[in-house]
Amino acid sequence: MNIPRKLLVRNAMDRKSGDDGGRADIKKAGTAGNGLSVSDYAAAHIPEGSVVDFVFYEDFNSDNINEAVIGITHFAPFPPESAVMLVQSDGKKLRHSWLSIADIRTAHECPALFDNAVAADTDGDGKPELVLSLFYGQEHDIAVSVFDWIDGELRQAWRSSGSYCYGSMETEDVDGDGISEIIIESGTHAGNEIIETNDTCYHVREACCFKWDGSRYVRRPYRVRMPYESYNLAVDFLKAVWLKDYSKAFNMVVLPGFLGLAGLDDSSLAAFKRYVSRRLRPALQKNIIKGKLAPLEPYDTCCQFSGPEDCFTVEMARVNGAVKIYSLEIAKNTLPEI
């Protein structure tokens, strides 16, 4: 069976719900009037050897009959082919169609992959839309599309104007008005003066959300979530120390705790500058002249960076709703070289 669109999809096995390739989720959808289950119908029209990547069973068109939206990947013959299938019922019989997804390709004709899929009401009409993010390339560039019910079909109604490197997408009603916003986080190369920012390393991230204003999706600023809120702060602090921006670094720390017991006597900017100049910056300089720091997996309250000679552990605490640096510990690097 021909799938009308070629897409590479990331390993869909991590979304599979059991050894049946994820079709158990569809089985719960019920049957058409002729007794044929939606699961059996979908399985009969999905190419053999395919893996189910995601399944939604929602009333997308407000006819009181749920539609099944199924993302699949067919791995053979190479290259893999993927698509989104819509299965509908009129109460008597089932029918299906394949969603038309605009191609997302780089100048090198790199195929796209599914990143995430969500069914949520993003435009306040009381019906869910299908929100898809697709990624391509080594930098995990994502583009986001919204599929809405238009003229009897589920069609692509909106697509982000640009792509977002190292991106991720989710939806959430962040302002409590009953309408979900589309939240996108993406990477930047901020801090690359001292931090490795290659494809395999963690990146400083930024965020935005798209909010329906009654006629279109409008981009708005949004705060990066944990643990990257902490990671961003840790990188920014190390960069400020490296660039001798002591005033900026001073405003990022918890005082007097950051200075230890000495902070009980003096926690001024001058005392902070002396502490950083004597204890922190020389160690940072010693490592950076031999190579940049490699970030390890970030956590909400702790971020670690591996240098050629030392490991830098930045510990954080939330103070009055804001993340602050509580301490910076330096220890000999005993991590094995990769």
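The notes below deal with the structure included here.

Rules of the game
Along each chain, residues carry numbers from 1 onward, in the same order as the chain's sequence is written. Thresholds applied to this predicted model are a pLDDT of at least 70 for local features of residues and 80 or more for the giving and counting of side-chain atom pairs; totals over whole chains, interfaces and linings are not thresholded and use all residues. Side-chain numbers here rest on the full set of heavy atoms in the structure, without hydrogens or water. Paired strands are those between which DSSP finds at least two bridges. A run of DSSP states H or I qualifies as a helix once it reaches four residues; a run of E qualifies as a strand once it reaches two. Both are numbered from the N-terminal end. Fitting a line to C-alpha atoms yields each axis, with helices limited to the stretch in contact; the angle taken between N-to-C directions then spans 0 to 180 degrees. Should an angle lie under 35 degrees it is considered roughly parallel, over 145 roughly antiparallel, and from 65 to 115 roughly perpendicular; all remaining angles are considered oblique. Working rule for contacts: check all heavy atoms of both residues, and any pair within 4.5 Å makes them a contact.

Another point: the sheet that holds strand 8 (residues 153-159). In spatial order, the strands read 5-6-7-8; together these 4 strands make up an open sheet with antiparallel pairing. Strand pairing shows two members of the sheet lacking a second neighbour, strand 5 (113-120) and strand 8, which therefore form its edges. The mean angle between the axes of side-by-side strands here comes to 25°, regardless of whether they run parallel or antiparallel. In this structure, strand 6 (residues 129-136) lies alongside strand 7 (residues 141-150), joined through 7 bridges in antiparallel fashion. From the neighbouring strand, Val 131 faces strand 7, where its bridge partner is Val 146.

As a further point, take the packing of helix 3 (residues 228-242) against helix 5 (residues 269-288). Following both chains from N to C, one finds helix 3 and helix 5 inclined at 95°, their axes separated by 9 Å at the closest point. Judged by the inter-axis angle, helix 3 sits roughly perpendicular to helix 5. Each of Phe 237, Leu 238, Val 241 and Trp 242 in helix 3 lies in contact with helix 5, whose residues at this interface are Phe 272, Val 276, Arg 281, Leu 284, Gln 285 and Ile 288.

Turning our attention to the sheet that holds strand 4 (residues 94-98). One open sheet accounts for 4 strands, arranged 1-2-3-4; its pairing is antiparallel. Each of the sheet's edge strands pairs with one partner strand only, and the pair in question is strand 1 (50-58) and strand 4. Averaged over all adjacent pairs, the angle separating strand axes in this sheet is 20°, with direction ignored. Note that strand 3 (residues 81-89) and strand 4 share 5 bridges and pair antiparallel. Looking across to strand 4, one finds that Leu 86 is bridged to Ser 97. Along the sheet, helix 2 (residues 38-45) makes contact with strand 1, strand 2 (67-74), strand 3 and strand 4, crossing strand 4 at roughly 45°.

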